[in-house]
Amino acid sequence: MAKVLEVRGVCKRFLGLWALREVSLSLEEGEILAVIGPNGAGKSTLLNVISGLLKPDAGSLYLLGREITPLPPEARTHLGLGRAFQIVQPLPELSVRENLLVGALFGKPHTPRRAAEAWVDEVLALTGLAPRAHAQASELTLLEDKRLELARALATRPRVLLLDEVMAGLRPKEAEEAVALVRRIRDSGVSVLFIEHLMPVVRALADRVVVLDYGEVIAEGRYEEVAQDERVREAYLGRRA
Ligand code: ADP
Ligand code: MG
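The structure displayed is predicted, hence computed values, not measured ones.

A.B. asks: Honestly, the sheet that holds strand 2 (residues 17–28) in this entry has me stumped. Any pointers?
C.D. replies: Paired through their backbone hydrogen bonds, the strands of a sheet run either parallel or antiparallel. Read from one edge of the open sheet, four strands run 2-1-4-5, paired in antiparallel fashion. Edge positions in the open sheet fall to strand 2 and strand 5 (66–67), since each of these has one partner strand only. Where strand 1 (residues 3–14) meets strand 2, eight bridges bridge the pair, whose relative direction is antiparallel. Across the sheet, E6 pairs through a bridge with S26, a residue of strand 2.

Structural data, given as structure tokens:
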């Protein structure tokens, strides 16, 4: 299988403290990969380095075989990297459909209006938001908000989608629906790297799990494997979980 995203030896320090230390990992085409770890482990920093919001102090990043380390976030979006945030960030005055159209038009430069509209209709169908297409973004329920956040990321036509705790705040039943949606997204041809602290979600969704602790990868494997790993159990039980 082809690697669609590769992180090689990435280091990031804040004021002398290592947030990421020689982190290497890769995402295979069609894979759903979870990155987990206790609070402060470096998960959000890793996502910020991948999306280009933070510059690594060392190491390199590759998207679809192409080095993206020096590129700003917009350029990474244009090359096929999408991102959804824990804090939902739609344009509240616009409708659901208009929000997606913004993503579709600006996610890839020179997208003709008609192609963008057609793609937005597909994204609305995929995310179950079609009945709410004309609702104002500010009127949505929490679950619909989360769907819109995923839909906005999809609107940019990513090949790789980064999700930062998008299930936070959902009830178990709603989280199940969101899990099913992420699976549909993967089945549509998008590879997914997600951060999540809800372990039932990680277990249900991840093909593979990478565990960070104090900025280092301490384990990697299927959920059942890493959940049994002594270092992982210590990391969660011992200190800050
Ligand atoms: P996680 O998302 O796993 O909880 P973070 O990536 O947010 O962890 O943080 C990793 C470490 O880096 C923590 O010790 C945190 O305090 C520190 N950190 C994160 N962002 C900054 C920042 N902008 N400035 C200083 N320290 C930071
Ligand atoms: Mg975080």
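Further notes follow.
A.B. asks: What is the right way to look at the pattern of salt bridges in this model?
C.D. replies: Pairing is possible between side chains of opposite charge, provided their charged atoms come close. For the coordinates displayed, the defined rule picks out 16 salt bridges. We note a salt bridge from R152 to E149, for which the minimum N-O separation is 3.6 Å. Of this pair, R152 and E149 are both found in helix 5 (residues 142–155), three residues apart, which corresponds to roughly one turn of the helix. Given the relative accessible area of 2%, E149 is considered buried. Among the salt bridges present, the one from R186 reaches D207, with a minimum N-O distance of 3.0 Å. Remark: D207 occurs in the loop between helix 7 (199–205) and strand 9 (208–213) and R186 occurs in helix 6 (residues 172–187); sequence separation between them is 21 residues.

Definitions and limits used
Residues numbered from 1 in each chain as written. Chains lettered and ligands numbered in written order. Predicted model: local features only at pLDDT ≥ 70, side-chain atom pairs only at ≥ 80, totals over all residues. Heavy atoms only, no water. Pairing = 2+ DSSP bridges. Helix = DSSP H or I, 4+ residues; strand = E, 2+ residues; numbered from the N terminus. Salt bridge = Lys/Arg side-chain N within 4 Å of Asp/Glu carboxyl O. Buried < 20%, exposed > 50% of the residue type's maximum accessible area, 1.4 Å probe, protein only.

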